[in-house]
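# Architecture and fold: a report
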Amino acid sequence: MRFLGTLSNFSKLLNHSFARNIPKRRMACSRFEYVKSFEQDDSILPNVWIVIRIDGKKFHKFSKTHDFEKPNDENALNVMNAAATAVLQEFRDIVIAYGQSDEYSFVFRKETAAFKRRSAKLLTYVTSLFSTSYVMQWSKWMNMPLAYAPCFDGRVVLYPSEQNLKDYLSWRQADVHVNNLYNTAFWKLVLEKGLTNQEAEAKLRGTFSADKNELLFQEFGINYNNLPAMYRKGTILLRKRVVIGDKSRQAVVPLHEDLISSQFWKQHTEILGKYVPGTYNAPEPLPRLIDLQLNAKHVDEDEEEPQNLAGIS
């Protein structure tokens, strides 16, 4: 009997050891796994600039509901800038972002391996992160409560050469000039001259840039070139070392410069070259978008990066 008891214990020990060494079967290895074969391979080509552009959906209705100032609402534009900043903080491989009105473009460096360069993953992550960050940032910039959440769509565009990328960004900035000049003249006619929308459209129909500039100056005393640069040129977001006194700290910096000129690319060589953030000598007062990053709560003074405005890890 003692022998049988010893044999029984040995058998239990052997079975326990054997069971531990057998790998557990995962649910993914079921007979249903074949459905994965229907997924399309959406890997992005190597060695190309990846641009993700998001656009507001039905923003005319959204801006009217929230009583945006015409033709430009500085605070509303800064909500867009703050949401875009959160995206840059999440993706280190974004080398430049450019925004105007209800759109933003994010440029990933050619060598990025984010999400294994899967188009759908990159597009959905950037679009959803921007959308949620917009909602999170709203109360920091706007005086009225958010009536409903905005919606943004997005697209992925690939550019093989540096010149293609420069031309794309130049195209978006040229779009700012055309649209803002028209909108400035249009809303001045409506809000200050009392014209109806149809009458203002008719008055501006067939006019050139010079005609609109002349109209603004002669009828409203406005020199278009003196309007805030953010309205005329849009917003460029770059990662920089912000120098304040004898200290410096990295942050996403908003710039309102002429990126169509060659001088811009010579000054900000980190965009196309080795990605080492350049220096930004902070003006006084410090732009609020930068101040929010540098003075965000719960940030350790020794941390390299300021707090993520999206509130995510």
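Up top is the structure.
So, here's what we can say about the structure. Keep in mind the model is a prediction, meaning the values are calculated, not measured. (Residues numbered from 1 in each chain as written. Predicted model: local features only at pLDDT ≥ 70, side-chain atom pairs only at ≥ 80, totals over all residues. Heavy atoms only, no water.)

In terms of regular secondary structure, the protein is built from 10 helices and seven strands. Among the 313 residues that make up the protein, the fraction classed as buried is 41%. Taking contacts inside the protein between residues at least 6 apart in sequence as the whole, the part at least 24 apart equals 72%. Carbon and sulfur atoms form 53% of the exposed surface of the protein, whose accessible area is close to 18,600 Å². (Helix = DSSP H or I, 4+ residues; strand = E, 2+ residues; numbered from the N terminus. Buried < 20%, exposed > 50% of the residue type's maximum accessible area, 1.4 Å probe, protein only. Contact = heavy atoms within 4.5 Å. Areas by Shrake-Rupley, 256 points an atom, 1.4 Å probe, with all protein chains shown as cover.)

This next bit is on the nonpolar core. Ranked by size, the top nonpolar core spans 35 residues in total, and within it Tyr104, Phe106, Phe130 and Tyr134 carry the most contacts. Put simply, the parts of the chain that give this core at least two residues each are β1 (49-56), α2 (59-65), α3 (74-90), β2 (94-100), β3 (103-108) and α4 (119-141). Top contributing element to this core by residue count: α3, with eight residues. Leaving out residues up to four positions away in the same chain, tyrosine 104 has contacts with Ile52, Arg53, Ile54, Met80, Asn81, Ala84, Ala97, Tyr98, Gly99, Phe130, Thr235 and Leu237. Within the second largest apolar cluster, 24 residues are counted, among which are Trp49, Val95, Val176 and Val253. (Core = buried A, V, L, I, M, F, W, Y, C linked by side-chain atoms within 4.5 Å.)

The geometry of helix α5 (residues 162-191) relative to helix α7 (residues 209-220) is characterised by a closest axis approach of 10 Å and an angle of 35° between their N-to-C directions. α7 is crossed by α5, and the crossing has left-handed handedness. Residues His177, Leu181, Tyr182, Thr184, Ala185, Lys188 and Leu189 of α5 pack against Ser209, Lys212, Asn213, Leu215, Leu216, Glu219 and Phe220 of α7. Residue composition of the contact of α5 with α7, grouped by class: seven nonpolar, four polar and three charged. (Axes fitted to C-alpha atoms, helices over the stretch in contact; angles between N-to-C directions. Left-handed = near helix turned anticlockwise from the far one by under 90°. Nonpolar A, V, L, I, M, F, W, Y, C, P; charged D, E, K, R; others polar.)

Moving on, we come to α4. Given a rise of 1.5 Å per residue, 23 residues ought to cover 33 Å, and the 32 Å separating the end C-alpha atoms of α4 matches this to within 8%. A maximum bend of about 30° is found in α4 at valine 135. Each element contacted by the buried residues of α4 is listed here: β1, α2, α3, β3, β4 (152-159) and α10 (288-294). (Expected span 1.5 Å × (residues − 1). Bend = angle between axes of the 7 residues up to and from the residue.)

What follows deals with the pattern of salt bridges. Enumeration over the complete set of coordinates arrives at 10 salt bridges. Between arginine 155 and aspartate 55 there is a salt bridge, and its shortest N-O distance comes to 3.6 Å. With arginine 155 in strand β4 and aspartate 55 in strand β1, this pair connects stretches of sequence that are 100 residues apart. The residue aspartate 93 makes a salt bridge to arginine 109 at a minimum N-O spacing of 2.8 Å. Here aspartate 93 is found in the loop between α3 and β2, whereas its partner arginine 109 is found in the loop between β3 and α4, with 16 residues between them in sequence. By relative accessible area, which is 17% here, aspartate 93 ends up buried. The class of arginine 109 is partly exposed, set by a relative accessible area of 29%. Residues participating in the shared-partner salt-bridge network are Arg53, Asp55 and Arg155. (Salt bridge = Lys/Arg side-chain N within 4 Å of Asp/Glu carboxyl O.)

Our next topic: the side chain of aspartate 102. By secondary structure assignment, the location of aspartate 102 is in the loop between β2 and β3. One buried charge, aspartate 102, has no salt-bridge partner; the nearest side chain with opposite charge is arginine 172, at 7.8 Å. Those residues in contact with aspartate 102 that sit more than four places away from it in its chain are Ile54, Asp55, Gly56, Phe59, Met80 and Phe152. (Lys, Arg positive; Asp, Glu negative; His and termini not counted.)

All right, on to unusual backbone geometry then. A cis geometry characterises the amide bond from lysine 70 onward to proline 71, with omega recorded as 0°. Tracing the chain through its elements places proline 71 in the loop between α2 and α3. Between glutamate 284 and the following residue, proline 285, the backbone shows a cis peptide bond with an omega angle of -5°. Examined against the element boundaries, proline 285 turns out to sit in the loop between β7 (278-281) and α10. The phi angle at asparagine 47 is positive, at roughly 60°, despite the residue not being glycine. Position of asparagine 47 among the secondary structure elements: in the loop between α1 (2-21) and β1. Phi is positive for phenylalanine 115, which is not a glycine, with a value near 50°. Counting through the fold element by element, phenylalanine 115 comes out in the loop between β3 and α4.

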